[in-house]
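The residues making up each chain are set out below.
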Amino acid sequence: MKVLVAVKRAIDPNVKVRVKGDGSGVDLNGVKMALNPFCEIAVEEAIRLKEKGVVCEVVVVSVGTSAAQEQLRTALALGADRALLVETSAMLEPLNVAKYLSKVIDNEKPQLILFGKQAIDQENNQTGQMVAQLIGSGQATFASAISYADDRWVVEREVDGGSQVVALTAPAVVTCDLRLNEPRYASLPNIMKAKKKPLEVIAADDLGANVREHTRLLKVTLPPVRKAGINVSSVSELVEKLRNVAGLI
Amino acid sequence: MRTLVIAEHTGSQLTAGTLRAITAAIDLGLDTDLLVMGGPEASAVAEHAALTKGLHRVLLAQDEMFEKTLAENVQPLITSLVGDIYTHVMADASSMGRNVLPRVAASLDVGMLSDVIKVVSADTFERPIYAGNAIATVQSIDSVKLLTVRASAFAQASSHQDRCDVIAVDGGQSASTVRFVSEQLTVSERPDLSSARVVVSGGRGMQSKANFALIERVADKLGGAVGASRAAVDAGFAPNDLQVGQTGKIVAPDLYIAAGISGAIQHLAGMSGSKVIVAINQDAEAPIAKVADYMLVADLFEALPALEKAL
């Protein structure tokens, strides 16, 4: 069995976000980029499934500019077998990305398609579910455990107020949440080896996906700033403020 | 132009998130219908929902296949209802809304906007990006606009109108690609974290699961919910459905008390919309101080019992 992991290049989670002065977006010029943390969890899960002998090949795919090759190499260094880049410089709208990915899935025929539950930049949380719809497969979002039994992918999902278990027929789409696993670090020998692993670049236009514009970004602004608070010196002063100033208790 | 809100319910009533999504829908100024899905219990929920102020009609889809609102089962129903009738489809950005709506979007060949915090006009909306460090104003150019809304940004719709019509709608077939196996829901006597008026949260500073009782006692005195930072959840001090933050629950109560929480970006993203924030921390320089209205630098194990006593 083959697993396909879709990954995104996104801002490094430890970098402070700067909004451009002209309101056109977030300034990514010269900013450190990384594999989106939830995608890293998806890659880790795929590698663990291979180590357990559940799957035999891990293919990673990204949609984006040629710069995303860096993140694909990271995934290869972590243990993926080969990588595909669907190259486009267009704005990455989830439905368009999903359409490119479903074309890739048509070609690759994986039995499991893993995603991060969302990217930490645009925070859409849509692409996996859209792919599941486009290819007509079942989906399990917010996965916290994945296993394979009796020809079904059995997935525990984090839902509001608790957890749920669903069983999906293959091919299935699973989006990964924080508690699924703790990703490993790539070792230096593996980083060297990754440079020799196959990375194929496909021009997005060659996939014949029917993409178009769905949303327009009008502006990006800073969130409203909270006004400065005060220090209180004791519990009784705090209670007094909450009671008499804030009127909350 | 007409709006369809996808409801979620507890088996007896609409969730607070749904009531807030209804407010967002009414902000759009269009006729608003509500879709209630579920098993045998759904008809009572629909009858009750029909009293919600501002609703035009309630559509009731009652069928065993909707009991767990699996995306594969509810998508065909929602897609067929949208037809040529609805220009807007909205849902609370809960685990259900986020699970289901993208599937509906793909089936309609339209985009979707997640986590809307403000309705600017019928096609333009604000939503947070980069963990709330920036706010994007986005225009949808599709014929049907699909949105999940961040419930904490909208007030709850009130339940005061003459009953509107409740109309039964048909289900279709359940999907063969997915099967519900089991679920485990946490039962709590305290108010729901996402809609509580007061939230008392503990962080790594609480040091142990047993010490979380101090948080619970203050929460109970205030009639509030208990929350936790990711660090506290990862350390096993609190169950993961209590996590407040970018990857947990987004809350915006009237009063948020953060005890022993340093204020990592991902935690701030989940609670900085609260009206009044109190931080109790030993470190006066902790990032939480930047968003706190009242900062108390103190030992938690003295301050929390003292607070409980003073309330």
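Just above, that's the structure.
Conventions we followed
Residues numbered from 1 in each chain as written. Chains lettered and ligands numbered in written order. Predicted model: local features only at pLDDT ≥ 70, side-chain atom pairs only at ≥ 80, totals over all residues. Heavy atoms only, no water. Helix = DSSP H or I, 4+ residues; strand = E, 2+ residues; numbered from the N terminus. Contact = heavy atoms within 4.5 Å. Areas by Shrake-Rupley, 256 points an atom, 1.4 Å probe, with all protein chains shown as cover. Lys, Arg positive; Asp, Glu negative; His and termini not counted. Charge placed at Lys NZ, Arg CZ, Asp CG, Glu CD. Pairing = 2+ DSSP bridges. Axes fitted to C-alpha atoms, helices over the stretch in contact; angles between N-to-C directions. Buried area = accessible area lost by both parts, 1.4 Å probe. Salt bridge = Lys/Arg side-chain N within 4 Å of Asp/Glu carboxyl O. Polar contact = N/O pair within 3.5 Å; in protein donor to acceptor, adjacent residues only side chain to side chain. Parallel < 35°, antiparallel > 145°, perpendicular 65-115°, else oblique. Left-handed = near helix turned anticlockwise from the far one by under 90°. Nonpolar A, V, L, I, M, F, W, Y, C, P; charged D, E, K, R; others polar.

Asks: Can you break down the overall build of chain A residue by residue, with the values?
Replies: Helix and strand counts for chain A come out as 6 helices and 13 strands. Taking the intrachain contacts of chain A between residues at least 6 apart in sequence as the baseline, contacts between residues at least 24 apart amount to 69%. Working note: accessible area of chain A is about 10900 Å², and carbon and sulfur atoms make up 50% of it. Averaging the locations of the 31 positively and 29 negatively charged side chains of chain A gives two centres separated by 3 Å.

Asks: Mind laying out the sheet that holds strand β10 (residues 172–176) of chain A, listing which residues take part and the relevant values?
Replies: Two modes of strand pairing occur in sheets, parallel and antiparallel, and in both the strands are linked by backbone hydrogen bonds. Strand order across the open sheet formed by 10 strands is β11(A)-β5(A)-β4(A)-β1(A)-β6(A)-β10(A)-β7(A)-β8(A)-β9(A)-β11(B), with mixed pairing between neighbours. Two strands in the sheet have a free side with no partner beyond their single neighbour: β11 (199–203) of chain A together with β11 (178–185) of chain B. Sheet twist, expressed as the average angle between the axes of neighbouring strands with direction ignored, equals 30 degrees. Bridge analysis of strand β7 (residues 138–149) of chain A against β10(A) gives 4 bridges, and the strand direction is parallel. Its bridge partner lying in β10(A), Ala140(A) is registered against Val174(A). Across the sheet, helix α1 (residues 37–51) of chain A lies against β1 (2–7), β4 (57–64), β6 (112–116), β7, β8 (152–159) and β10 of chain A, angled at about 150 degrees from β6(A), the strand it touches most.

Asks: Summarise the interface of chain B and chain A; cite the residues concerned and give the values.
Replies: Each partner contributes to the interface: chain B provides 80 residues, whereas chain A provides 74 residues. Around 6400 Å² of area is buried between chain B and chain A when both sides are counted, 52% of it from carbon and sulfur atoms. When the area that chain B buries against chain A is broken down by residue, the three leading residues are Arg103(B), Tyr130(B) and Tyr294(B), summing to 12%. On inspection of chain B and its partner chain A, the count reaches 4 salt bridges. A salt bridge links Arg226(A) to Asp293(B), with the shortest nitrogen-to-oxygen separation between them at 2.8 Å. The tally of links from chain B across to chain A stands at 43 residue pairs in polar contact (both at pLDDT 80 or more). Pairing between strand β13 (residues 230–232) of chain A and strand β16 (residues 294–297) of chain B: 3 bridges, direction parallel. Within β16(B), the residue paired with Ile230(A) across the bridge is Tyr294(B).

Asks: Just give me the short version of the packing of helix α5 (residues 212–221) of chain B against helix α8 (residues 300–310) of chain B, but keep the residues and values in it.
Replies: Residues and elements named next belong to chain B. Contact geometry for α5 and α8: axes closest at 9 Å, N-to-C directions at 25 degrees. One way to sum up the angle between α5 and α8 is to call them roughly parallel. The two elements α5 and α8 meet at a crossing, and its hand is left-handed. Mapping the contact onto sequence places Leu214, Ile215, Arg217, Val218 and Lys221 in α5 and Phe301, Leu304, Pro305, Leu307, Glu308 and Lys309 in α8. Its residues assigned to classes, the contact of α5 with α8 comprises 7 nonpolar, no polar and 4 charged.

Scope: geometric values only; no functional claims are made or implied.
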